[in-house]
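Understanding the architecture of this molecule
If you want the building blocks of each chain, they are given just below.
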Amino acid sequence: MTRDTQLNSEKWWQTGVIYQIYPLTFADANGDGVGDLQGIIKKLDYLNDGNPNSETSLGIDAIWLSPINRSPMVDNGYDVSDYYDISDTFGTLEDFEMLLAESHQRGIRVILDLVINHTSNRHSWFLESSSSRDNPKSDWYHWQDPEPDGGVPNNWLSYFGGTGWTFNEARKQYYYHTFNKNQPDLNWGNPEVKEAIFQMIRFWLDKGVDGFRLDASSVYSKDKYYRYNPVKFDANDNNKYNNLHHLYDKNLPENHHIIREIRKIIDRYQDRVLIGETFIDSTIYESVIFYGINNDELHLPFTFEFPFSPWYPGYLQQEIAKKELVTPSGAWASYFLDNHDIPRHLSRWVECSLCTNQLGIAQAAAAILLTVRGTPILYYGQELGMVDNQDIPPEKIQDKIVVRSETEDSPESRDGARTPMQWNDSVNAGFSFGKDIEPWLPVHKNYPEVNVAKELKDRDSIFNFYRQLIKVRKNSEALRLGSWKTLIHYPYEHLAYVRETTDEKVLIIINFSYEKDFEIDEYIARENWQVLVSNVLEAGKIIDLPSTLQPFEVSVLRKE
Ligand code: NOJ
């Protein structure tokens, strides 16, 4: 498909904005300190009230919910014990159906997190599989005999630290887990496992969900001979998992067959989306294969270019340019700044020397995310400028899943980026009304300043900047679908790029510093431009291009 035919077949997941909700900390309706589905329902109008001209609603098009299935919550939902039910923590299946209906009524699509590389060790499948060597589900997980000396079957590691193999007494065998020992990996080589998962996928599609985010979608398949992974020559990553070449436990050809099969299921329903956490060594080049040779795998593979970039225009642009180059014809990119596994971008980026202006960074980052060619994915609270809570006392940490060892730095707790959404300046930031209840994670202490209620009233808030950008994007064919072209090949202080279709041209200028000099004439002809969104120019105004920029200026302009 060429770019032009793409224009004729806009899909909601290409042109819309996706918003990730971490249900445990988004909104608590029953006052027990933990977020729930009724809480999300109450906040849907904030996300999109269905009025395209709303001044109080963010205007996003889809929500992706981190897992809500029944789970012992060892990995906070990424350890499912019943795929067909909702965790009591969040509510009931009826609550979910209500959430779906209420979302759809407002034009919001609903995407579920599908955790199918592994189950919880308390899933009935694993309980049965681990009970003996000859039960009907004995081959549903990766079971291997110990080495003659009793040691682990091979050198495969867990991403969360330590060996990936845990011994089971009843079977006198080891089982493999890419993540924690409470998250045994399913054996996708077994057709019964596949069918059980595919059936469950159909169940949720029949209910009307609009798509899935596939968790850890590169590690489904494992080598049938369980061969040793070669150790990298320059192996010095603190997380030892990253010191192996994952030849035999990741990204195998069979893995792609599985994603293709899931895609086929999805494609039998109308207008659904398949997103995937590629979870590979994460260069954009590698993740491209997740589109599939015939664009028949993931619609939107997640790649981590912005999360791994420093706050530097040259670097960010290089990542965008790479993605422009490698995204296959007919495929579509996606971008994000934050998610529940990494520090929020304002916490990652404020430490750089030029980054003293936090609002400026937040506005610039918002503008980049919402004006590049690809689907933007927001993480709850990002639109408020929320930062990580770095003061969580050790006894209140909820992310206890990583294995700590003296010899190895396991990944840090991810709780800092998972603290309660800051709704207002009342108790618990309005996240939970329970007076004597402690929220699941402590609220960030900046909540009296950084919260929805306050930012709604402030025309210059980062919330309002996001809201305007989303609206402008929605109303601009060039921003939704147009080509991307940089005007500065070696950006140092600024980014300047153009998004363009046959009928519309939009110019984005971002100043990363206090520097005012900016010879725009070098880059683009002087013409009349209409201000679409800007943190210094008046929206709607027709201007000639400025020859200097304001410090940290962010302007999105449409050619008249
Ligand atoms: C990736 C998820 O994003 C992360 O939160 C989780 O711990 C692992 N997969 C395991 O499911």
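Because the structure is predicted, anything quoted here is derived from the model rather than measured. (Residues numbered from 1 in each chain as written. Predicted model: local features only at pLDDT ≥ 70, side-chain atom pairs only at ≥ 80, totals over all residues. Heavy atoms only, no water.)

Considerations on the pattern of salt bridges
Overall, the coordinates contain 34 salt bridges when judged by the stated rule. Here Glu261 ties to Lys194 by a salt bridge, and the two come within 2.8 Å at their closest N and O atoms. Residue Glu261 is found in helix α8 (residues 253-267), and its partner Lys194 is found in helix α7 (residues 191-207); the two are separated by 67 residues along the sequence. By relative accessible area, Glu261 is classed as partly exposed at 28%. (Salt bridge = Lys/Arg side-chain N within 4 Å of Asp/Glu carboxyl O. Helix = DSSP H or I, 4+ residues; strand = E, 2+ residues; numbered from the N terminus. Buried < 20%, exposed > 50% of the residue type's maximum accessible area, 1.4 Å probe, protein only.)

Side note on the packing of α7 against α8
Viewed as axis vectors pointing N to C, α7 and α8 meet at an angle of 30°, and their least axial separation amounts to 10 Å. Relative to α8, α7 is oriented roughly parallel. The two elements α7 and α8 cross, and the hand of that crossing is right-handed. Within the contact between the two elements, α7 uses Lys194, Phe198, Ile201, Arg202 and Leu205 and α8 uses Ile258, Glu261, Ile262, Ile265 and Ile266. Residue classes in the contact of α7 with α8 are distributed as 7 nonpolar, no polar and 3 charged. (Axes fitted to C-alpha atoms, helices over the stretch in contact; angles between N-to-C directions. Parallel < 35°, antiparallel > 145°, perpendicular 65-115°, else oblique. Left-handed = near helix turned anticlockwise from the far one by under 90°. Contact = heavy atoms within 4.5 Å. Nonpolar A, V, L, I, M, F, W, Y, C, P; charged D, E, K, R; others polar.)

Thoughts on the nonpolar core
Within the largest apolar cluster, 138 residues are counted, with the highest numbers of intra-cluster contacts made by Tyr19, Ile63, Phe96 and Ile368. Considering each element in turn, this core owes the most residues, 9 residues, to helix α13 (residues 358-371). Shared between two domains, this core takes at least three residues from each, and those domains are domain 1 (12-118 + 191-221 + 253-403 + 459-473) and domain 2 (482-559). (Core = buried A, V, L, I, M, F, W, Y, C linked by side-chain atoms within 4.5 Å. Domains from an automatic or database assignment.)

Some remarks on α13
With 14 residues, α13 should cover 20 Å at 1.5 Å per step; its first-to-last C-alpha distance of 20 Å lies within 8% of that length. Of all 14 residues in α13, 12 are buried, a share of seventy percent or more. Within the sequence span of α13, burial applies to Gly360, Ile361, Ala362, Gln363, Ala364, Ala365, Ala366, Ala367, Ile368, Leu369, Leu370 and Thr371. (Expected span 1.5 Å × (residues − 1).)

Topic: the pairing of strand β2 (residues 62-65)
The two faces of β2 match: Ala62 and Trp64 on one face and Ile63 and Leu65 on the other face are all buried. Where strand β1 (residues 18-21) and β2 come together, 4 bridges link them in parallel fashion. Among the inter-strand pairings, Ile21 is bridged to a residue of β2, identified as Leu65. In terms of strand pairing, β2 meets strand β5 (residues 109-114) through 4 bridges, oriented parallel. Paired with Trp64 across the two strands is Ile111, which belongs to β5. (Pairing = 2+ DSSP bridges.)

A word on the side chain of Gln173
For Gln173, the position within the fold is in strand β8 (residues 173-176). Here Arg171 takes part through its side chain, which lies 2.9 Å from a polar atom of the side chain of Gln173. (Polar contact = N/O pair within 3.5 Å; in protein donor to acceptor, adjacent residues only side chain to side chain.)

Some points on the domain arrangement of the chain
The assigned domain composition of the chain is domain 1 (12-118 + 191-221 + 253-403 + 459-473) and domain 2 (482-559). Carbon and sulfur atoms make up 69% of the area that domain 1 and domain 2 hide from each other, which totals about 2100 Å². Linking domain 1 to domain 2 there are 0 salt bridges. Scanning the region where domain 1 abuts domain 2 turns up 6 residue pairs in polar contact (both at pLDDT 80 or more). Secondary-structure elements contributing two or more residues to the side of domain 1 that touches domain 2 are α11 (313-326), α13 and α15 (462-474). Sort the elements by how many residues they give to the side of domain 1 that touches domain 2 and α11 lands first, with 7 residues. When the residues that make up the side of domain 1 that touches domain 2 are grouped by side-chain class, the tally is 14 nonpolar, 8 polar and 2 charged. (Buried area = accessible area lost by both parts, 1.4 Å probe.)

Quick word on the sheet that holds β1
The strand order across the open sheet formed by 8 strands is β11-β10-β9-β5-β2-β1-β13-β12, and the pairing between neighbours is parallel. With one partner strand each, in any of the chains shown, β11 (300-302) and β12 (334-336) form the two edges of the open sheet. Within this sheet the neighbouring strands show an average axis-to-axis angle of 25°, counted without direction. Strand direction decides the pairing type here: β5 and strand β9 (residues 211-214), joined by 4 bridges, are parallel. Within β9, the residue paired with Leu112 across the bridge is Phe212. Contacts from α13 reach β12 and β13 (375-379) within the one sheet, and its direction differs from that of β13 by about 140°.

Description of the site of the ligand
Near the ligand the following residues occur: Asp75, Tyr78, His118, Phe160, Phe179, Arg213, Asp215, Glu277, His340, Asp341, Arg414 and Arg418. At 3.1 Å from an oxygen atom of the ligand is found a side-chain nitrogen or oxygen belonging to Arg213. Within the contact set of the ligand, an oxygen atom lies 2.8 Å away from a side-chain nitrogen or oxygen of Asp215. Out of a free accessible area of 290 Å², the ligand has 97% covered by protein chains. Its residues placed into classes, the shell around the ligand shows 3 nonpolar, 2 polar and 7 charged. (Near = heavy atom within 4 Å. Areas by Shrake-Rupley, 256 points an atom, 1.4 Å probe, with all protein chains shown as cover.)

Quick look at a nonpolar patch on the surface
A surface patch of nonpolar side chains, amounting to about 330 Å² of accessible area, comprises Tyr312, Tyr315 and Tyr492. For Tyr315, the location among the structural elements is in helix α11. With relative accessibility at 33%, the residue Tyr315 sits in the partly exposed group. (Patch = residues over 30% accessible without salt bridge, like charges linked within 9 Å, V, L, I, M, F, W, Y side chains within 5 Å.)

A few points about unusual backbone geometry
Non-glycine residue Asn428 carries a positive phi angle of around 55°. Residue class for Asn428 comes out buried when judged on its relative accessible area of 12%. Of note in the backbone geometry, Phe552 takes a positive phi value of approximately 55° without being a glycine. Following the sequence through the fold, Phe552 ends up in the loop between β18 (542-544) and β19 (554-559).

Some words on the packing of aromatic side chains
Within the structure shown, the criterion is met by 37 aromatic pairs. The interplanar angle of 15° and the centroid separation of 5.7 Å between the aromatic rings of Phe126 and Trp143 together place this pair among those described as stacked. Note that Phe126 is positioned in helix α6 (residues 124-129) and Trp143 in strand β6 (residues 143-144), a separation of 17 residues in sequence. Centroid distance Trp165 to Tyr176: 5.3 Å. Interplanar angle 55°. Geometry classified as tilted. In this pair, Trp165 sits in strand β7 (residues 165-168) while Tyr176 sits in strand β8, placing the two residues 11 residues apart along the sequence. According to the relative accessible area criterion, Trp165 is buried, its value standing at 3%. Since its relative accessible area comes to 0%, Tyr176 is described here as buried. Directly above the aromatic system of Trp140 lies the positively charged group of Lys137, at a separation of 4.7 Å from the ring centroid. A cation over a ring is seen here: Arg344 above Tyr380, with NZ or CZ 4.8 Å from the ring centre. (Phe/Tyr/Trp six-rings, centres within 6.5 Å; stacked < 30°, edge-to-face > 60°. Lys NZ or Arg CZ within 6 Å of the ring centre and 35° of its normal.)

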